[in-house]
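So you can see what is in the structure, the chains are spelled out below.
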Amino acid sequence: MGGMEHESQLLTPRRPTRQIHLGGVAIGGGAPVSVQSMTTTKTADVEGTLAQVYALAAAGADIVRCTCNEQAAAEGLAQIVPRSPVPIVADIHFHHEMALAALEAGVQGLRLNPGNLRKETEIKQVAAEARDRGVPIRIGVNAGSLHPDVFRRFGGATPEALVESARIELAYFEEVGFEDVKISVKASSVALMIAAYRLASDTFDHPLHLGVTEAGPPPSGLVKGAAGIATLLSEGIGDTIRFSLTADPVEEARAGRQLLEALGLRERKGLDLIACPSCGRAQVDVIAVAKAAQAALEDRHLPIQVAVMGCVVNGPGEARSADIGIAAGKQKGHLFIRGKIVRVVPESDMVDALVMEAEKLVAEGVEARLAAADTSAEAEAAADRQALLDEGGSDPNAASVRIERIRHAVEKEGSGPASGTGSGPASGPASDTDGNDASP
Ligand code: SF4
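These numbers were taken from a predicted model, which means no experiment stands behind them.

Focus on the overall build of the protein
- The helix and strand tally for the protein stands at 16 helices and 15 strands.
- Its C-alpha radius of gyration of 29 Å places the protein more than 25% over the 22 Å reference for a compact globule of 440 residues.
- Each of the three principal axes of the protein carries a C-alpha extent, and together these read 85 × 70 × 35 Å.
- Looking at the protein as a whole, 44% of its 440 residues qualify as buried.
- Expressed as a percentage of contacts within the protein between residues at least 6 apart in sequence, the contacts between residues at least 24 apart total 64%.

Structural data, given as structure tokens:
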């Protein structure tokens, strides 16, 4: 509902990339942009890690990464992978043996950091094993752990250096006939990461995994992640994404999913609550009503856009693209579907009525619920709207009264442009008290 799937057509078309498969999840080649996150548990803790994997999947993760930093982690992966609801990627940094062990554990993907796993023979050995097992690898370049040779050659972690690091790794892979690859060139600097991914997109046709690394805790981490990822997605760059937050990874998965839904790149799975910012017209505490509506609706997983609007004068019209909404006025709640008033309820019942109607809307569809509208609702709403306009007029904040008072005060001083003459020594703010023109 809500027509979000059409919004993606307003973005730059997605750049074509090859397609790879992580278990049952396709990446690149026109597949839906996928969401990734990473567990924070010890991978050897099988039950704890699985609980987190399930929580991440429920929050919107399509793929989950677990560290494989020791033998016990690889052994844990052997038990986690068959019970996981989503494909599992093993994160490998320094030891190629851990990559081989993770492949043996049955993981659906590997992530290698070229800055940390540097020996050509070892890289090729892992790539050959992944090739034989049909398991894709992400070449995960990171500005903070760039290969020292590349860092020196480019005089720092520049966009060109990040892309070159990926190119060198890709060349090793290609020498053993392995191209089942996606690439990331992450940085904690949003500007650097954007430039690096643009260059990577021009250089490779492999799918790209987007992320701003070490973005920090929310809300600044969310802002940085969204700034980098959304900029690139809006340019058609990127096939899978991860927010890196210093927070419960469930927040990463949720943010990833919400970002894709907001851009219209994934179908809405959960609630999208919009609310007006409130103003002098508001007939209700919009923040409190929005919070109550969110609390009542969010666990119901209704794939709709719901609007909470502070007044009936502008609310239903401003939120007419929402699937359903409520606007307050004259101690009543005006319930609307796609901008049409379907019911008027007492203000104290507005959240309950909204929830009930939202559930019916999802079950029965828009047409059926519009057909079931209370026939007197539109007329009652129109009367309330008119009464409020009569009371508050077009100036509910009484700004015109204030402006009038300001004019009077300025005129009394005899120095304001509001005096209307615009001439003479005492007519403008640029004149000094002696009547001399102080303007240059
Ligand atoms: S819907 Fe009404 S209260 Fe909310 S911002 Fe618009 S005019 Fe103000």
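Quick look at the sheet that holds strand β12 (residues 305–309)
- Read from one edge to the other, the open sheet built from five strands follows the order β11-β12-β13-β14-β15, with strand pairing classed as mixed. Edge positions in the open sheet fall to β11 (272–275) and β15 (340–346), since each of these has one partner strand only. The sheet shows a mean angle of 20 degrees between the axes of neighbouring strands, direction not considered.
- Note that strand β14 (residues 332–337) and β15 share six bridges and pair antiparallel. Following the sheet pairing, H334 is matched in β15 by V344.

A word on the site of the ligand
- The full set close to the ligand counts 13 residues, and C276, C279, G310, C311 and N314 are the nearest of them.
- Of the residues assigned to the shell around the ligand, the class counts are seven nonpolar, four polar and two charged.

Observations concerning the sheet that holds strand β5 (residues 88–92)
- Read across the open sheet, the eight strands follow the order β8-β7-β6-β5-β4-β3-β10-β9; overall the sheet is parallel. The sheet is open, and its two edges are formed by β8 (181–186) and β9 (209–210), each paired on a single side.
- Inspection of the sheet shows strand β7 (residues 137–142) paired to β8 by six bridges, in the parallel sense. Note on β8: the bridge partner recorded for G140 is S184.

As for the nonpolar core
- Within the largest apolar cluster, 80 residues are counted, with the highest numbers of intra-cluster contacts made by C68, L77, A102, V107, L110, L162 and Y197.
- With sequence-adjacent residues up to four places away left out, V107 is seen in contact with L77, V81, I88, V89, A90, A102 and V135.
- Grouped together as the second largest cluster of nonpolar side chains are 36 residues, C276, L297, M309 and L361 included.

Comments concerning the domain arrangement of the protein
- Splitting the protein by domain gives domain 1 (4–262) and domain 2 (272–392).
- Relative to domain 2, the C-alpha centre of domain 1 lies at a distance of 42 Å.

Examining the packing of helix α5 (residues 120–133) against helix α7 (residues 159–175)
- At a minimum axis separation of 9 Å, α5 and α7 run at an interaxial angle of 60 degrees. Classified by the angle between their axes, α5 and α7 sit oblique to one another. The interaxial crossing formed by α5 with α7 has right-handed handedness. On α7, the residues touching E120, I123, K124 and A127 of α5 are E169, Y172, F173 and E175.
- Among the residues making up the contact of α5 with α7, the classes are represented as four nonpolar, no polar and four charged.

Considerations on the packing of helix α4 (residues 96–105) against α5
- With their axes 9 Å apart at the nearest point, α4 and α5 run at an angle of 5 degrees to one another. As the angle between them shows, α4 and α5 are arranged roughly parallel. Residue-level inspection shows H96, A99, L100 and L103 of α4 in contact with α5, the latter providing E122, Q125, V126, E129, A130 and R133.

What about the environment of P316?
- Here P316 shows up in helix α12 (residues 315–318).
- The exposure class assigned to P316 is buried, which follows from the 26 C-beta atoms found within 10 Å.
- Separated by 100 residues in the primary sequence, P316 and G216 have C-alpha atoms spaced 38 Å apart.
- Sequence-distant contacts of P316, that is, excluding residues within four places in its chain, are made with M309, G325, A327, H334, F336, G339 and I341.

Reading the values: rules and limits
- Residues numbered from 1 in each chain as written.
- Predicted model: local features only at pLDDT ≥ 70, side-chain atom pairs only at ≥ 80, totals over all residues.
- Helix = DSSP H or I, 4+ residues; strand = E, 2+ residues; numbered from the N terminus.
- Rg over C-alpha atoms; globule rule 2.2 N^0.38 Å.
- Buried ≥ 20, exposed ≤ 12 C-beta atoms within 10 Å, placed from the backbone.
- Contact = placed C-beta atoms within 7 Å.
- Pairing = 2+ DSSP bridges.
- Axes fitted to C-alpha atoms, helices over the stretch in contact; angles between N-to-C directions.
- Near = placed C-beta within 6 Å.
- Nonpolar A, V, L, I, M, F, W, Y, C, P; charged D, E, K, R; others polar.
- Core = buried A, V, L, I, M, F, W, Y, C linked by C-beta atoms within 7 Å.
- Domains from an automatic or database assignment.
- Parallel < 35°, antiparallel > 145°, perpendicular 65-115°, else oblique.
- Left-handed = near helix turned anticlockwise from the far one by under 90°.

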